[in-house]
Amino acid sequence: MSRRNNKLSHISIPELSLVLLIGPSGAGKSTFARKFFKPTEVISSDVCRGLISDDENNQTVSADAFELVRFIAAKRLKLGLLTVIDATNVQPESRKEWVKLAREYHVLPVAIVLNMPEQLCQERNALRSDRNFGGHVIPQQISQLKRSIRYLREEGFRHSFELRTEEEVAQLETITRNPLYNNKKDEHGPFDIIGDVHGCYDELCTLLDTLGYKIDKENAQFISAPLTTTADGYTRFRKPVFVGDLVDRGPKSPEVLRLVMHMVNNGFALCVPGNHDAKLLRYLNGKNVQLKHGLEQTAMQLAGESPEFIDAVKSFIDGLVSHYVLDDGKLVVAHAGLKESMQGRGSGAVREFCMYGETTGETDEFGLPVRYNWAMEYKGRAMVVYGHTPVPEPQWLNHTIDIDTGCVFGATLTALRYPEKELVSVPALEQYAVPARPIGYNAGSALSIQQQYDDVLDIEDFTGRKILHTRFSHNITIREENNIAALEVMSRFAINPKWLIYLPPTMSPAETSKEPGLLEHPAQGLQYFKEAGIRKVVCEEKHMGSRAVVVVCRDEIVAQQRFGIAGEGNGVVYTRTGRSFFTDKETEQDFITRINTALISTGFYETFNTDWVCLDTELMPWSAKAQTLLQTQYAATGTAATQALPVVVAALQRAIQQNVPAQALLDRYSQRLAQAKDYVTAYRQYCWPVNSLEDYKLAPFHIMATEGKTYFDKDHEWHMSAIKNICAGDTQLFRATSYRLVDLGDMDSENAAISWWEALTAAGGEGMVIKPYTFLNKDEKGLIQPAIKIRGKEYLRIIYGPEYDAPENLERLRSRKLTAKRSLALREFALGLEGLERFVNKDPLQLVHQCVFGILALESEPVDPRL
Amino acid sequence: MLLTITTTRYPATDLGYLLHKHPAKVQTVALTAGSVHVFYPEATDDKCTAALLLDLDPVGLVRRSTPGSSGFALEQYVNDRPYVASSFMSNAIAQAYATAMNGRCKDKPHLVDEAIPFEIGLSVLPVKGGEPILRQIFEPLGYKVTVQSHQLDDQFPEWGKSRYFNVTLRHTLPLKTVLCQLYVLIPVCDNDKHYFVGGHEIEKLMEKGNGWLDTHPVKELITRRYLKNIAPLARQALEVIMKDEVVSQEEKAPKDKDKLRLHDLRLLTVRDILLQHNVSSVADMGCGEGKLLRLLMEKASFKRILGLDVSYHSLEIAQDKLKIDRLPEIQKARLQLIQGSLTYKDKRLSGFDAGVLVEVIEHLDEPRLAALEKVVFEYARPQLVVITTVNAEYNVKFEKLSSGAFRHSDHRFEWTRTEFETWGNRVAQQFGYSVSYQPLGETDEVVGGPSQLALFKR
């Protein structure tokens, strides 16, 4: 701007810039910095000298100190934070490093020169006891400064300010920070983002009309925009956003320009420049430009236009901003797309990327540069909408979408409605040009781009420490060591991550009961929810089998289209650790077919308007999956106990007959024998031989998700009744879950639930699960437990060991800590739901997998396995 | 849980003097994990039985023990320990019958060295390896062995036999010998120890085994099991016992020795291929405990070596075995170990001349191979890829392998040569590599080599 500003009281700089304070020692840079910037924004070379050597004036560590300054500055710039370098910066070569750094992070370098009189600097230094360098230093710095100061602009500083006296510094009151032109975060839309028009004026008018805009086509004038009421309740006018390449190849580039200029100049629309628009500008500015790739048509069409119009076009294109960041940073529009590190930044490189994208340096068989698809690696949170490369149909990839559907090549002109994410297209009236490279060349796969990309996930998204955002709860931190464990389990045992959209959370038991002989009792479970402010709960019978997640598609085509999986059947049954439940594919597919048949026969797919479903279930018998465990641990312990104890009892009885005082021992060991027998009875309840599919029982208890929908807003009664309908489709396979509704505080209702639990467990049942009536519940601290289990006295023998209920054992077992288990249950619950929400929202698989991977990682946290 | 010692030597109640325990009382001795009771179900001059009854505290046992290793989370809580004769029983013998085992008897010292007819009852004794092992262990010492075996669960006969036995042993021996032998052999049968096995165990074994162990035909087995399969300890003890005899270094049966040789051969073949192709950087994708890495480190032409494995534990072992911490800087700089997975793409795998997958693919479920192919051939994309896998056709040559079974419990598939080559050809074609195959190991005319190798070049 200005390098000499007399009596300046106010200067403004870009909000995202690297500010260099320039001036000799004693010029007052640090004081200046303190006055106008936050302490954390200022990085001082002196401070860094001090940090590494305990002496702020130690010139021998300058190189290391500057490395540190640069390191900190780079970290700040990466985060998009304004940064001030407090160092003398009087030599061009030292400034060059900072300009380079600013460019690396696509921020603007700003120079503020404190060009103070030598005498002042000397006086100030003389007052400081710690600065005792020679008297020659300051004159030398001043001369270096004066020699180079006039070349600041050439060095790359588009913004520079110079202050020459103490008075000028004193007069300066404020430094304001201007948002970058690309920052339109406060524009919330709704928008209609329109793909490459390329002079297709008729199609553009039709598209705008279809979208609800009123256009005076004759005069290329905008009349009005349609209104939309957004989710936050505001009714706003919609706004078109053009992704650029308004001109070339098509029949009516001047009309397109006239209309779009009218809209943009009057604030009814936004537009970012395309490479064709930029080239047109160079042509109009008289630059040596080759008249090809459609520019020849535009040049001809513009030949008859008035000089005023040409001037207007020139200033319009010249004023276009490389890209826009809209709607609180949730949406980015750029002609050729934009990677995350460049969004909201300004540099030549950013502008270049926005208009041309990246190329690999190779050329293809058509002689065209091979484009490097930045979107493949895109992991940003902002949705990026772009054009530039014609595609047969727009496809989402990692939250980005190319909406150039090649209108000028005879295909369609497309708009993306935001935030609705709806695509609206109108067909081209004719083919105006022939593409040099066939559109969609090399695209011949049955899978979408996203699904092809999702074939292999990137390990760096799942290792190290991760913080995962969940919509229903707080952020959840996954520790590195837990991810290490999860990576091994996931890689060695888990099924294709494309199937693995959900893992069930662990469940906490109730507080320990004080009832004699019992460790768990429904009273504590009911009490827990009462204290959490819940009025109504549902008690569901707890089946004793293996937790299984079931995903079923109506057919293999759905598996391919929705899950991106080909040749792996039309569904899957997997365990809590993501492992396939069935060891052979054939049984699994037979099993899926039975479920599918039931879903079809009960009209599930029509009722739920879906062609797939994810169910959370219990699969029985336990012995089907836990065979090894049963044989090596449960039955083994049972045999040992039931074979050894009778011999002991007999020996003690004989001793008593001999008048040995062993009655107390006999009582104890007789009791142990009885407990051992009860233990064997307990585990046997959950075992039966499996010879065919007929021997399996499946008890679904939650409908987790169907196309475009999750069911966390439905209460458990709804889930139970929806599941009951499915169960009716195959009464042999399915087992409906019995349940009771309980009004908390109503003693009769509570007692009925307790009696029901007693009856269930007396009959050999595992116990019951108490859930709040609604699926998701929060109190002031966050989510509350979605379920609490109350296990039966006999069932607990196979958890705590055969003799757990002996009074002396029970007493010790009662002191158990539930905090870790409960915290784990909530984190896993929140992640499980998050993953499904992401899946139904069609997020990239990596985002879904992060949640699933996170649950598996959390499962490796040490908690008492008996809980 | 129960050990009974019965004698009919007149007067049988002398057993009370020998054991230093009064026949009319119940005597209780405290153990670290509970207690033990001694009582006499029968005590007449004609027949006297002393019973040693373990009373382990199942809850206390849990609170003391360290996490189990079986992978079963509830192992600590649901287990057979309270009901069996195990190292706890040895411990109980040493505590309750210390005097007798040490050969002291104040009142009737002449009994100490007298061979007395005894009938020993054990309820129940777990025996890894079952009845044959039990007989191999006790019969050479002159015991008459009677066993009663049990189903795992009568209701589920398909689960088979349990490893628990009610055992009766009959022999005429001095009591101290019986006790010493039981002390050693009970945990040997069980093949488990409830405590950490350290160096002092060797001395204990030498002391208690004195006079009978060195002539026992299965002394190797006894020694190894007593020292709980800790190889260096077992070897050390064996050297003491066997003095000048040659000790085989390998733990496992001869079949496994062939396997080991085969594995070394595979690794050397792979290294030779890499050397022939002037490879200077290698990624060992599935390096396990680092055997190939060690071979590669020996050759200076490999400038950059990466070992990747999904098992963090294996990497820790590799780190240890390769003595990475003690390598000179310049050697250390050549080698890097990382945890990673071949089903996730990984930038760290890019930029190597060669990628090596020795016996890796068969550990992946077949549907997951598609991901592995992309990770290796599309993203890592080295010039050279070496993949080896077992040859399923060769399995018929392994006598102990039942038909259709895999060589390793974690193998998800084993391919014939045709299957491997069909896969390899498709992969080569899809990702723009050429491929050639060769057998690994001694080749059979009909079924080929025990293992097979594919070499992909780009």
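About the thresholds
- Residues numbered from 1 in each chain as written.
- Chains lettered and ligands numbered in written order.
- Predicted model: local features only at pLDDT ≥ 70, side-chain atom pairs only at ≥ 80, totals over all residues.
- UniProt positions renumbered as here; feature names shortened; annotations may be inferred.
- Helix = DSSP H or I, 4+ residues; strand = E, 2+ residues; numbered from the N terminus.
- Buried ≥ 20, exposed ≤ 12 C-beta atoms within 10 Å, placed from the backbone.
- Contact = placed C-beta atoms within 7 Å.
- Domains from an automatic or database assignment.
- Pairing = 2+ DSSP bridges.
- Axes fitted to C-alpha atoms, helices over the stretch in contact; angles between N-to-C directions.
- Nonpolar A, V, L, I, M, F, W, Y, C, P; charged D, E, K, R; others polar.

As recorded by an unreviewed UniProt entry, chain B carries the name Small RNA 2'-O-methyltransferase and is attributed to Chitinophaga niastensis. What UniProt records for chain B under Cofactor (unreviewed entry) is the sentence "Mg(2+)". The UniProt entry for chain B carries the following text under Catalytic activity (unreviewed entry): "small RNA 3'-end nucleotide + S-adenosyl-L-methionine = small RNA 3'-end 2'-O-methylnucleotide + S-adenosyl-L-homocysteine + H(+)".

Chain A goes by Protein phosphatase in an unreviewed UniProt entry, where it is assigned to Chitinophaga niastensis.

Draft legend 1. Focus on the overall build of chain A. Assigned secondary structure in chain A consists of 29 helices and 39 strands. Each of the 867 residues in chain A was classed as buried or not, and the buried ones make up 46%. Sequence-distant contacts in chain A: of pairs separated by 6 or more residues, those separated by 24 or more amount to 72%.

Draft legend 2. Representation of the domain arrangement of chain B. The domains assigned to chain B are domain 1 (2–195) and domain 2 (255–457). Computed from C-alpha coordinates alone, the two centres of domain 1 of chain B and domain 2 of chain B are separated by 49 Å.

Draft legend 3. The arrangement of the sheet that holds strand β4 (residues 83–86) of chain A in detail. Residue and element names in this part refer to chain A. Taken together, five strands build an open sheet; the order of strands is β3-β4-β2-β5-β6 and the sheet is parallel. Among the strands making up the open sheet, the edge pair consists of β3 (42–44) and β6 (159–163). On average, each strand axis in the sheet is inclined to that of its neighbour by 20°, with strand direction left out of account. Pairing analysis gives three bridges linking β3 to β4, with the strands arranged parallel. Paired with I43 across the two strands is I85, which belongs to β4. Against the sheet, helix α3 (residues 62–78) makes contact with β2 (17–22), β3 and β4, and its axis sits at roughly 165° relative to β4, the strand it touches most.

Draft legend 4. Quick peek at the sheet that holds strand β15 (residues 270–271) of chain A. All names here are of chain A. Strand order in the open sheet formed by five strands is β15-β14-β9-β23-β24, with mixed pairing between adjacent strands. If you trace the sheet from one side to the other, it starts and ends with β15 and β24 (422–427), each paired once. Taken together, the two bridges between strand β14 (residues 239–242) and β15 define a ladder with parallel strand orientation. Bridge assignment links V241 to a residue of β15, and that residue is L270. With respect to the sheet, helix α9 (residues 201–210) is in contact with β9 (191–194), β14, β23 (412–418) and β24, its orientation differing from that of β24 by roughly 140°.

Draft legend 5. Representation of the interface of chain A and chain B. Across the contact, 49 residues belong to chain A and 53 residues belong to chain B. For the side of chain A that touches chain B, the secondary structure elements donating two or more residues are β25 (457–458), α16 (480–493), α22 (627–657), α23 (663–684), α26 (797–800) and α27 (807–813) of chain A. Sort the elements by how many residues they give to the side of chain A that touches chain B and α22 of chain A lands first, with 19 residues. Taken together, the residues of the side of chain A that touches chain B break down into 28 nonpolar, eleven polar and ten charged. Pairing of β25 of chain A with strand β11 (residues 344–345) of chain B, which is carried by two bridges, proceeds in the parallel orientation. Its bridge partner lying in β11 of chain B, L457 of chain A is registered against Y344 of chain B.

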